[in-house]
Amino acid sequence: MKTISERTRALHPGVLGSALRSAWPVVAGVVVALVLQSVLAPAVGPFAAKMVLDIGIAVVLAVSLNIVNGFAGQFSIGHAGFMMVGGYAAAIVTYYGSIKLWGSPEPHGGFLGSGDLLFLFACALGGCVAALAGLVVGLPSLRLRGDYLAIVTLGFGEIIRVFMNNLEHPVNITNGPRGLDRIDSMNLFGFSFGRAVEI
């Protein structure tokens with residue numbers, strides 16, 4: 001008869017199988033996004049396409065809130081602050097990186113050109129910066145539960161909002177409450193996610 005550790009080792013999934021099972025939702029999401037951009041966006045027009053894009057962003061935020069509140073049982077209300085940190089980090093890298101590399105914030109490069117690579121790098125960096133902000137807020141509040149965790153995360157969201165609104169003086173980084181302007185819509189793999197595409 002096998003011991004429990006031997007039976008457990010036999011049931012342990014392989015690395016490749018785990019990676020494939022973890023990657024299929026991402027691949028499915030990218031395929032759905034490309035189909036929506038290339039089929040739905042031209043059919044409904046630019047305004048409705050922009051609304052669908054904003055709805056998709058809200059769905060991502062709601063799913064992340066469901067993971068923390070629904071599955072973990074923690075009452076956290078600072079998700080908008082973490083999303084703001086990642087979004088501003090990606091926007092700053094894209095905006096100022098384009099100015100530094102090409103002299104203007106306009107999109108550059110064609111399919112997977114240097115502008116697309118800068119955007120992909122900025123998105124990955126934005127996610128990492130948001131995760132780092134979550135770590136910075138999460139480590140001191142590891143023992144907090146319920147309302148106290150909600151107060152800490154709400155405070156973080158408000159601190160980040162005020163901080164980003166005041167990054168205008170003495171050096172203008174985020175353009176204050178007006179936000180970064182003259183940023184073109186997301187352009188990736190030849191698709192512009194903010195404009196209707198005619199096929």
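Here's a quick rundown of the structure. (Residues numbered from 1 in each chain as written. Predicted model: local features only at pLDDT ≥ 70, side-chain atom pairs only at ≥ 80, totals over all residues. Heavy atoms only, no water.)

## Describing the overall build of the protein chain
Inference 1: Of the regular secondary structure elements, the protein chain holds 6 helices and 2 strands.
Inference 2: When the helices and strands of the protein chain are listed from N to C terminus, the series reads α-α-α-α-α-α-β-β.
Inference 3: Counting only contacts in the protein chain whose residues sit at least 6 apart along the sequence, the fraction spanning at least 24 positions is 61%.
Inference 4: Working note: accessible area of the protein chain is about 13300 Å², and carbon and sulfur atoms make up 73% of it. (Helix = DSSP H or I, 4+ residues; strand = E, 2+ residues; numbered from the N terminus. Contact = heavy atoms within 4.5 Å. Areas by Shrake-Rupley, 256 points an atom, 1.4 Å probe, with all protein chains shown as cover.)

## Topic: the packing of helix α4 (residues 79-102) against helix α6 (residues 147-165)
Two packed helices can be described by the angle between their axes and the distance between those axes.
Inference 1: Look at α4 against α6: their axes get within 8 Å of each other, and the N-to-C directions meet at 35°. Listed contacts from α6 to Gly-81, Phe-82, Met-84, Val-85 and Tyr-88 of α4 are Phe-156, Gly-157, Ile-160, Arg-161 and Met-164.
Inference 2: Of the residues assigned to the contact of α4 with α6, the class counts are 7 nonpolar, 2 polar and 1 charged. (Axes fitted to C-alpha atoms, helices over the stretch in contact; angles between N-to-C directions. Nonpolar A, V, L, I, M, F, W, Y, C, P; charged D, E, K, R; others polar.)

## Examining the pattern of salt bridges
Inference 1: What the rule picks out here adds up to 2 salt bridges.
Inference 2: Ionic pairing is found between Lys-50 and Asp-54, a salt bridge with its closest N-O pair at 2.9 Å. One end of the pair is Lys-50 and the other is Asp-54, both in helix α3 (residues 46-71) and 4 residues apart, which spans about a single turn.
Inference 3: Note on Lys-50: relative accessible area 38%, which makes it partly exposed.
Inference 4: Glu-158 is the partner of Arg-161 in a salt bridge, and the nearest nitrogen-oxygen pair spans 2.9 Å. (Salt bridge = Lys/Arg side-chain N within 4 Å of Asp/Glu carboxyl O. Buried < 20%, exposed > 50% of the residue type's maximum accessible area, 1.4 Å probe, protein only.)

## Comments concerning α6
Inference 1: Its 19 residues give α6 an end-to-end C-alpha distance of 27 Å, which sits within 8% of 27 Å, the value for a rise of 1.5 Å per residue.
Inference 2: Of the positions making up α6, those classed as buried are Leu-149, Ala-150, Thr-153, Phe-156, Gly-157, Ile-160 and Met-164. Buried residues in α6, looked at end-on, bunch into an arc of 125°, giving them a common side. Turned more than 90 degrees away from the buried face of α6 sit Asp-147, Tyr-148, Ile-151 and Ile-159, all of them exposed. (Expected span 1.5 Å × (residues − 1). Arc of directions from axis to C-beta.)

## Some thoughts on the environment of Gly-155
Inference 1: Its location among the elements puts Gly-155 in helix α6.
Inference 2: In sequence terms Gly-155 and Gly-81 are 74 residues apart; their C-alpha atoms lie 9.3 Å from each other.

## A look at the environment of Ile-160
Inference 1: Looking at the element boundaries, Ile-160 is found in helix α6.
Inference 2: Measuring from C-alpha to C-alpha, the distance between Ile-160 and Gly-81 comes to 6.0 Å, with 79 residues separating the pair along the chain.
Inference 3: Residues within four places of Ile-160 in sequence aside, it is in contact with Gly-81, Met-84 and Val-85.

## Digging into the nonpolar core
Inference 1: Counting 9 residues, the largest nonpolar core consists of Phe-82, Val-85, Tyr-88, Ala-133, Val-137, Phe-156, Ile-160, Met-164 and Leu-167.
Inference 2: When residues of this core are traced back to their parent elements, those giving at least two are α4, α5 (114-138) and α6.
Inference 3: Excluding its chain neighbours within four sequence positions, the residues that come into contact with Phe-156 are Gly-78, Gly-81, Phe-82, Val-85, Ala-133 and Val-137. (Core = buried A, V, L, I, M, F, W, Y, C linked by side-chain atoms within 4.5 Å.)

## A look at helix α2 (residues 15-44)
Inference 1: In this model α2 runs 43 Å from its N-terminal to its C-terminal C-alpha over 30 residues, within 8% of the 44 Å that 1.5 Å per residue would give.
Inference 2: Gln-37 marks the point of greatest bend in α2, at about 30°.
Inference 3: Residues of α2 that are buried: Gln-37, Ser-38 and Ala-41.
Inference 4: At the exit of α2 stands Gly-45, carrying a positive phi of roughly 100°. (Bend = angle between axes of the 7 residues up to and from the residue.)

## With respect to the packing of aromatic side chains
Each aromatic ring pair is specified by the distance between its two centres and by the angle formed by the two planes.
Inference 1: Here the structure, examined in full by the defined rule, presents 2 aromatic pairs.
Inference 2: Between Phe-82 and Phe-156, the aromatic rings sit 4.5 Å apart at their centres with planes inclined by 25°, giving stacked as the arrangement. Of this pair, Phe-82 sits in helix α4 while Phe-156 sits in helix α6, and the two are 74 residues apart along the sequence. Exposure class is identical for Phe-82 and Phe-156. Each is buried. (Phe/Tyr/Trp six-rings, centres within 6.5 Å; stacked < 30°, edge-to-face > 60°.)

Distances and angles like these do not, on their own, reveal function.
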